[in-house]
Amino acid sequence: MGQRPRKSIVFIAFSAEESGLLGSSFYTKNTFLHLSQTTCDLNIDMIGRIDETRTTPDKSNYVYVIGHDKVSSEWETLLAKVNRNNPLVLDYKFDLPDDPERIFYRSDHYNFARFGVPILFFYDGMLGDDYHQPSDDIERINWDLYVKRANFIYSLALEVANLDHKVLRDKPLD
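Quick notes on the rules
- Residues numbered from 1 in each chain as written.
- Predicted model: local features only at pLDDT ≥ 70, side-chain atom pairs only at ≥ 80, totals over all residues.
- Heavy atoms only, no water.
- Helix = DSSP H or I, 4+ residues; strand = E, 2+ residues; numbered from the N terminus.
- Rg over C-alpha atoms; globule rule 2.2 N^0.38 Å.
- Buried < 20%, exposed > 50% of the residue type's maximum accessible area, 1.4 Å probe, protein only.
- Areas by Shrake-Rupley, 256 points an atom, 1.4 Å probe, with all protein chains shown as cover.
- Lys, Arg positive; Asp, Glu negative; His and termini not counted.
- Charge placed at Lys NZ, Arg CZ, Asp CG, Glu CD.
- Phe/Tyr/Trp six-rings, centres within 6.5 Å; stacked < 30°, edge-to-face > 60°.
- Core = buried A, V, L, I, M, F, W, Y, C linked by side-chain atoms within 4.5 Å.
- Contact = heavy atoms within 4.5 Å.

A. Inspection of the overall build of the protein chain at higher detail. Along the backbone of the protein chain there are four helices and four strands. Written out in order from the N terminus, the α and β elements of the protein chain read α-β-β-α-β-α-β-α. In summary, the protein chain has a C-alpha radius of gyration of 16 Å against a globular reference of 16 Å for 174 residues, a match within 12%. Dimensions of the protein chain along its principal axes, counting C-alpha atoms only, are 40 × 35 × 30 Å. Residues classed as buried in the protein chain amount to 41% of the 174 residues present. Accessible surface computed for the protein chain: about 10,000 Å², of which carbon and sulfur atoms make up 52%. Charged side chains of the protein chain number 20 positive and 27 negative; the gap between the two group centres comes to 7 Å.

Here is the structure:
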């Protein structure tokens, strides 16, 4: 679209998440960029399907957002700004303190958050029968929804990369 961000955006694919977040753990302890220079971590995992257990009427216009209330108080403002142009229902159910799945602690973003880097994790909520199974095939992706979610995340990344400052780090991690 001819837009170039003011700050660099680094894309990283980690391995060994299921074995204990080993890839992101190694990176955050041995990074070529000091974590104080890292503006944020936007983690994306499984954004193309619809949560079968979802009981709200917005089954095809949502994304779960994890970490919006941790490390930075600025996330809510940034998410709302981006959501005006790319409207999705931003569902924070996995950020509830009593979340039995403890999603905040189960993906690569956690290794950034524990070092004080503001994070957001975008997720479709698929913890169903085929989670981490061979049956979790590409044919099950809802491509229209995937594109909508990906465009939202892209717009947020661009917004963050064009800030005059780094995302605030004003909330200590419990």
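B. Representation of the packing of aromatic side chains. Counted under the stated rule, the structure contains 14 aromatic pairs. Aromatic side chains phenylalanine 14 and phenylalanine 112 sit 6.1 Å apart centroid to centroid with 50° between the ring planes, which places their arrangement in the tilted category. On the criterion of sequence distance, the pair formed by phenylalanine 14 in the segment before α1 (22-30) and phenylalanine 112 in helix α3 (residues 109-113) is long-range, its members being 98 residues apart. Here phenylalanine 112 falls in the buried class, since its relative accessible area comes to 4%. Considering the side-chain rings of tyrosine 62 and tyrosine 64, the 5.1 Å spacing of their centres and the 65° angle between planes classify their relative orientation as edge-to-face. Side by side, tyrosine 62 and tyrosine 64 carry an identical accessibility label, which is buried.

C. How the structure looks around the nonpolar core. Residues Trp75, Leu79, Phe122, Phe152 and Leu156 are the most contacted members of the largest nonpolar core, which totals 18 residues. The set of elements that each furnish at least two residues to this core consists of β2 (62-66), α2 (75-85), β4 (119-123) and α4 (143-161). Other than its neighbours up to four places away in sequence, phenylalanine 122 contacts Leu42, Asn43, Ile44, Asp45, Ile47, Val63, Tyr64, Val65, Leu79, Phe152, Ile153 and Leu156. Residues Tyr27, Ile66, Val117 and Phe121 belong to the second largest nonpolar core, which totals 15 residues.

D. Examining unusual backbone geometry more closely. Non-glycine residue methionine 46 carries a positive phi angle of around 60°. For arginine 102, which is not a glycine, the phi torsion comes out positive at approximately 50°. If you trace the backbone, arginine 102 turns up in the loop between β3 (89-91) and α3.

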